[in-house]
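Examining the three-dimensional arrangement
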Amino acid sequence: MKNIVRIANDFIIEHGVHELPLHKFDLIQLCKSIRCRVMPYSCALSCGFDKLNAYEYLSCAAFCVHSGDGYLILFDDTRSVGAQIFAFAHEIGHIVLNHTYSGTIGFSGADTVQENEANAFAYALLAPLD
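Anyway, here's the lowdown on the structure attached to this text. Note that the structure is predicted; figures quoted are calculated from it, not measured.

Thoughts on the environment of G82
- Tracing the backbone through its elements, the reader meets G82 in helix α4 (residues 81–96).
- For the pair G82 and H23, spaced 59 residues apart in the sequence, the C-alpha separation amounts to 8.8 Å.

Here it is, written out as structure tokens:
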């Protein structure tokens, strides 16, 4: 079993997170620091999203795909800012925890171990223990 809290705390230290709460902009910056671009669904749909063959994921708050030498997080920009913040932290968790393959990260919401680990990472990132 991975020590998710320790991994999240190490990530916070490594990436110089000094102020809480983290805002959407802060999480987008963290994404950039780990070679991850972000794109809202509204933009993705007009930019050839159909080429990803990932329509099944549109019901998710966000999902991540391996893209060249980095990652791409696509997110539902119609959800509340709070939901978007948690979704970014969750997807960063998938990346940091190496839930990566060629294609979609986290494979499916049915993989409860990975989803639970990514949720635990998100909670630890957004509200770290002292």
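A word on the packing of helix α1 (residues 4–14) against helix α5 (residues 112–126)
- For the pair α1 and α5, the least separation of the axes is 9 Å and the interaxial angle reads 50 degrees. The orientation of α1 relative to α5 falls into the category oblique. In the packing of α1 onto α5, the handedness of the crossing is right-handed. In this structure, α1 contributes I4, V5, I7, A8, F11 and I12 to the contact, and α5 contributes E117, A120, F121, A124 and L125.
- Of the residues that constitute the contact of α1 with α5, the class distribution is 10 nonpolar, no polar and 1 charged.

So, the pattern of salt bridges
- Following the criterion strictly, the structure yields 3 salt bridges and no others.
- A salt bridge links R6 to D10, with the nearest nitrogen and oxygen atoms 3.6 Å apart. Separated by 4 residues within a single helix, R6 and D10 lie in helix α1, roughly one turn from each other.

Details of the nonpolar core
- One finds L27, I92, F121 and L125 to be the most contacted residues of the largest nonpolar core, which totals 29 residues.
- Taken together, the elements giving at least two residues each to this core come down to α1, α2 (24–33), β2 (62–67), β3 (70–75), α4 and α5.
- Here this core takes 6 residues from α4, the largest share from any one element.
- Each residue touching L125, except ones within four places of it in the same chain, is listed here: A8, F11, I12, L20, L22, L27 and A89.
- Counting 7 residues, the second largest nonpolar core, distinct from the first, contains A44, V65, L72 and L74.

Reading the values: the criteria
Residues numbered from 1 in each chain as written. Predicted model: local features only at pLDDT ≥ 70, side-chain atom pairs only at ≥ 80, totals over all residues. Heavy atoms only, no water. Helix = DSSP H or I, 4+ residues; strand = E, 2+ residues; numbered from the N terminus. Axes fitted to C-alpha atoms, helices over the stretch in contact; angles between N-to-C directions. Parallel < 35°, antiparallel > 145°, perpendicular 65-115°, else oblique. Left-handed = near helix turned anticlockwise from the far one by under 90°. Contact = heavy atoms within 4.5 Å. Nonpolar A, V, L, I, M, F, W, Y, C, P; charged D, E, K, R; others polar. Salt bridge = Lys/Arg side-chain N within 4 Å of Asp/Glu carboxyl O. Core = buried A, V, L, I, M, F, W, Y, C linked by side-chain atoms within 4.5 Å. Buried < 20%, exposed > 50% of the residue type's maximum accessible area, 1.4 Å probe, protein only.

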